[in-house]
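Architecture at a glance
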Amino acid sequence: MNMVKNSLGRLVPTEVPGLGNFRPFEGAFAMAGTKAKHCAFETDAVPRGKSKITADIRTAIINSGLSDGMTISFHHHLRNGDKVLEMVLKEIESLGIRDLTLAPSSLSDSHEFVADYVRSGVVSRIYTSGIRGRIGNLVSRGEMEIPIVVRSHGGRARAIEEGSISIDVAFLAASACDDRGNMTGSFGPSAFGSIGYGMQDARSARHVVAITDNLVPFPLTPKISIHQHLVHQVVAVDSIGDPDKLATGAVRITRSPQQLEIARNAYELIKSVGIIRPGFSYQAGAGGVSIAVTQYIKKHMTDKGIQGSFALGGITGDMIKLLEEGLFKAAYDVQSFDPKMGDSMLRNPTHYEIDPSCYANPMNCGCMTHELDVCVLGALDLDVDFNVNVLTGHDGYLRGASGGHCDASAGAKLAIIVAPSFRNGVSSIKKQVQTVVTPGESVDAIVTERGISINPRRQDILEMALKANLPVKDIEDLRKEIISLTGETEPIDFDESKPVALVEYRDGTLIDTVYKVRS
Amino acid sequence: MISSKSGTDGKCDCIVTVEPAESVTLEYVSKNSSIYAKRTEDLVRRTALRYGLNGIKVKIEDFGALGFVIQARLETAIERALGGAAR
Amino acid sequence: MNFVRPRRSMLYMPGNNPNMLQNCCCLGADGLLLDLEDAVSPDCKDEARRLLTYFMRNLDFGNTEVTVRINGTDTPWWRDDLKEIIPARPHAVRLPKCEDPADIRELDSAISEIETAEGIPSGSIEIHAMIETAAAVERASEIARACPRVSAITLGGQDLAADIGVRRSKEGVEILYARSRVVIAARAAGIACFDTVFTDINDAEGLYKEASLAAQLGFTGKAAIHPSQVRVINEAFRPEERAIRHAEKVVAAAKEAKIKSIGVYAVDGNMVDGPVVRQALAVLAQAGISCDPTEVL
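Since this is a predicted model, take the numbers as computed values, not measurements.

Right, let's get into the overall build of chain B. Scanning chain B from N- to C-terminus turns up two helices and four strands. For chain B, whose C-alpha radius of gyration is 12 Å, the value lies close to the compact-globule estimate of 12 Å for 87 residues. Based on the C-alpha atoms only, the size of chain B along its principal axes is roughly 30 × 30 × 15 Å. Per-residue burial over chain B gives 43% buried out of 87 residues. Pairs at least 24 apart in sequence give 74% of the contacts found in chain B among residues at least 6 apart.

Laid out in structure tokens, this is it:
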């Protein structure tokens, strides 16, 4: 494989057998102004009067024309409660179909079984945002011949629209669906809220199969998220998933003193910059610290009577409270972290359901992350150039997700990364981060419980932070301070002749490579 | 010298167990074992030397502890093993 | 102690818990009480003091006052506690359940021995005494003056209530006299005093009320049993804005006077001398602002 250095000094391949050609990363907005591609593809029409109801998943797969080497997709809105991916792969395997590209919007902890389907040859390529557990370990150990491709939410949307991901069959779970294929995730016994990723795939897949455990009379009311004209088949099953496992458990406000201290520092920084003002827009991750920051911001907005414009996400219950109290005019929801978000979508007209292209695709007429004032995101680790890793663990194994991290960071006027100084005895700040997912130029500040480091590119923020007497520290000083407690870690034994994952930036260029871990 | 242990399985703590032995050996059980292997070995050897021990079998179950926390627990385990005050 | 530092909140930390200790320096508390006594079970006393010593030597406490509560002089552990932690240079050692100034003097000698052996400036490690029984309240003044090392006395309200046979209430009338007595004894001896803990960690409003009462009674600070109490206590001890602004003026004038070697000066028509400057430094400290006395005195 021919490797070149990208603008961050990371080696990335230009040509990968089984995947194709790639360009190296040249900057967060290097591709701005270039034309966006939209691919055309052939798809079956459904003749007038033909029933779309298919008896079971197996028959639906046969009807879809799925064969060896094709690409299948799923949304991950049911997160850890999803049952659909396993049901479908099981039938695919029993039909003897092999060598597929699995291209879900992401894989969660409950999708570890994908490892078995890789080993049995059903899946030979994976395109995903996140990967962890047994399947993450399998990929990190180099058991797949072709490297996986990790994309951000905005990047996947762009890739689908331009045809880099060419979905043959999309299997879309819906918590309510009628017999024409009008579907939604906003209500029903297995409601999961926004079906944003599903909306994207439904538009761009050659064949769309709706899978529901709640078949209702036509027309679906009171809300249709994906309309029938995009859907080929409808399959009713006993259960699409367990919505109680959907909430990642991070919707509670943290009580950890350390996390609250980090949150307080982040809030003080945001306040000092003076950006919480009428029309303020905000995105926060779903982690404990982010939710705590949201609470501090909420109190500030309430006390000062400030009305913001919109909240973006990753929408959680606490964001909706802000919406319903009139502190935000709108909430844009590409994925709900709480099953109750469906209720909110039904009763709050400005709880908008959006697809990931609207959310974060940098190559369209203006995605929502580009409108953001502030985003507060987490990190696995960081380096002194402010690059962020949210993908690989300290042991070198794949155990995270690109998500909307680089999308939100690039777009926000103030992008703040919150992280504890060290986790489990290992420093969060390194000289060089193991895997770059978000480039340092997109990160304005890093906030820990031991201090705040401001990106030297943002002297304006530095001045305001110093004026407010915040605990500002030079990032190298902060790193040294933390290292004096944790010590330096020993290098991971990577086999650099074997890339196992390509990290694609939102514009399609390669920002980093993940290598095999020698055990 | 008798077998002894110190520490807890609480978050960011470690349990250090020591036993008499012919040589200095270490069993390091941890999510961090690949990135702090050398550090932990050096720590155990240095400490054994300081206590004048030619041989000691050390087992460290590390739950994300900082290096000096492991050091503290190891010292206490050794002192208890050598008959130090555990009361 | 070179700086006149804020001493509003004193956060209790269990001495054998690495997860809590590793971040205790970053929780905004003016002072820390690292506990080897009630928070550590008898069979863990040795491992706790070793752990604590390592934390004391490795963490950067900044301007935070680090105190260690050792086991009482009636236990078999206190001398070993001192032997290990004094060389790690805490600011002060807290002696629980003081009733007799003689106990303090015994502690004082023991500390002196170790200071000499370790080459630590004699008298630099201070003593905080806990007043936790009726007998202790009766002898509060003697305890406060037991020896030059004693720099603070603190009220242990839970144990005191048990000792006098009453139940603690949120209004606290049952320990009101004891509170005032401790304040008077401390002020008369020219030392600091800390109010007892507020045990309901979910009641921030109640905590603020009690901390404000403590401030009003003349306590210099209050104990925090949980990090979430620190900010509330710091807020409650904050002086009035007017007092803070005046203190800032005095300190600014004193700095200038020192640079220009002016001996006599006034602020807002009032003469400023040493005690006035010291009072201003104390007010600023209560507002969370540390000052270097050498810049102004």
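Take the nonpolar core next. The biggest cluster of nonpolar side chains holds 263 residues, and the ones touching the most others in it are Leu172, Ile211, Ala266 and Ile416 of chain A together with Leu11, Ile131 and Ile153 of chain C. The element that contributes the greatest number of residues to this core is helix H2 (residues 67-81) of chain B, accounting for eight residues. In contact with leucine 172 of chain A, not counting residues within four places along its chain, are His75, Met183, Gly198, Asp201, Ala202, Val208, Val209, Ala210 and Ile211 of chain A. Counting residues in each nonpolar core, the second largest holds 14 residues, with Val4, Ala254, Leu281 and Ala285 of chain C among its members.

Moving on: the sheet that holds strand S1 (residues 4-7) of chain B. Residues and elements named next belong to chain B. Taking strand neighbours across the sheet as the criterion, the four strands line up as S1-S2-S4-S3 in an open arrangement whose pairing is mixed. Of all the strands in the sheet, just S1 and strand S3 (24-30) have a single pairing partner and so form its edges. Strand after strand, the sheet turns through a mean of 15° between neighbouring axes, direction not considered. Pairing of strand S2 (residues 14-20) with strand S4 (residues 56-62), which is carried by seven bridges, proceeds in the antiparallel orientation. Looking at the pairing, valine 16 lines up with isoleucine 60 of S4. Together, S3 and S4 form the strand contacts of helix H1 (residues 37-50), whose direction differs from that of S3 by roughly 140°. Contacting S1, S2 and S4, H2 crosses the sheet at an angle of about 35° to S2.

A few words now on the interface of chain C and chain B. Tallying the contact residues gives 13 residues for chain C and 19 residues for chain B. At the level of elements, helix H1 (18-21) and helix H2 (45-58) of chain C are the ones that each hand at least two residues to the side of chain C that touches chain B. Of all the elements, H2 of chain C adds the most residues to the side of chain C that touches chain B, at six residues. Of the residues in the side of chain C that touches chain B, the class split is four nonpolar, four polar and five charged.

Here we come to helix H9 (residues 317-324) of chain A. Residues and elements named next belong to chain A. The complete set of buried residues in H9 reads Asp318, Met319, Ile320, Leu322 and Leu323. Its buried side turned inward, H9 meets helix H8 (288-304), strand S18 (308-315), strand S19 (328-336), helix H10 (341-347) and strand S20 (351-353). One or two residues past the end of H9 sits glycine 326, with phi positive at roughly 80°.

Before going further, it helps to examine the domain arrangement of chain A. All names here are of chain A. Domain boundaries in chain A define domain 1 (53-246 + 495-517) and domain 2 (257-488). On a C-alpha basis, the centres of domain 1 and domain 2 stand 27 Å from each other. Elements supplying a minimum of two residues to the side of domain 1 that touches domain 2: strand S9 (130-131), helix H4 (133-140), helix H5 (153-162), helix H6 (196-204), strand S31 (494-504) and strand S32 (510-517). In terms of residues, the side of domain 1 that touches domain 2 owes the most to one element, H5, which gives six residues. A per-class count over the side of domain 1 that touches domain 2 returns 18 nonpolar, 17 polar and nine charged.

Scoring rules and cut-offs
Residues numbered from 1 in each chain as written. Chains lettered and ligands numbered in written order. Predicted model: local features only at pLDDT ≥ 70, side-chain atom pairs only at ≥ 80, totals over all residues. Helix = DSSP H or I, 4+ residues; strand = E, 2+ residues; numbered from the N terminus. Rg over C-alpha atoms; globule rule 2.2 N^0.38 Å. Buried ≥ 20, exposed ≤ 12 C-beta atoms within 10 Å, placed from the backbone. Contact = placed C-beta atoms within 7 Å. Core = buried A, V, L, I, M, F, W, Y, C linked by C-beta atoms within 7 Å. Pairing = 2+ DSSP bridges. Axes fitted to C-alpha atoms, helices over the stretch in contact; angles between N-to-C directions. Nonpolar A, V, L, I, M, F, W, Y, C, P; charged D, E, K, R; others polar. Domains from an automatic or database assignment.

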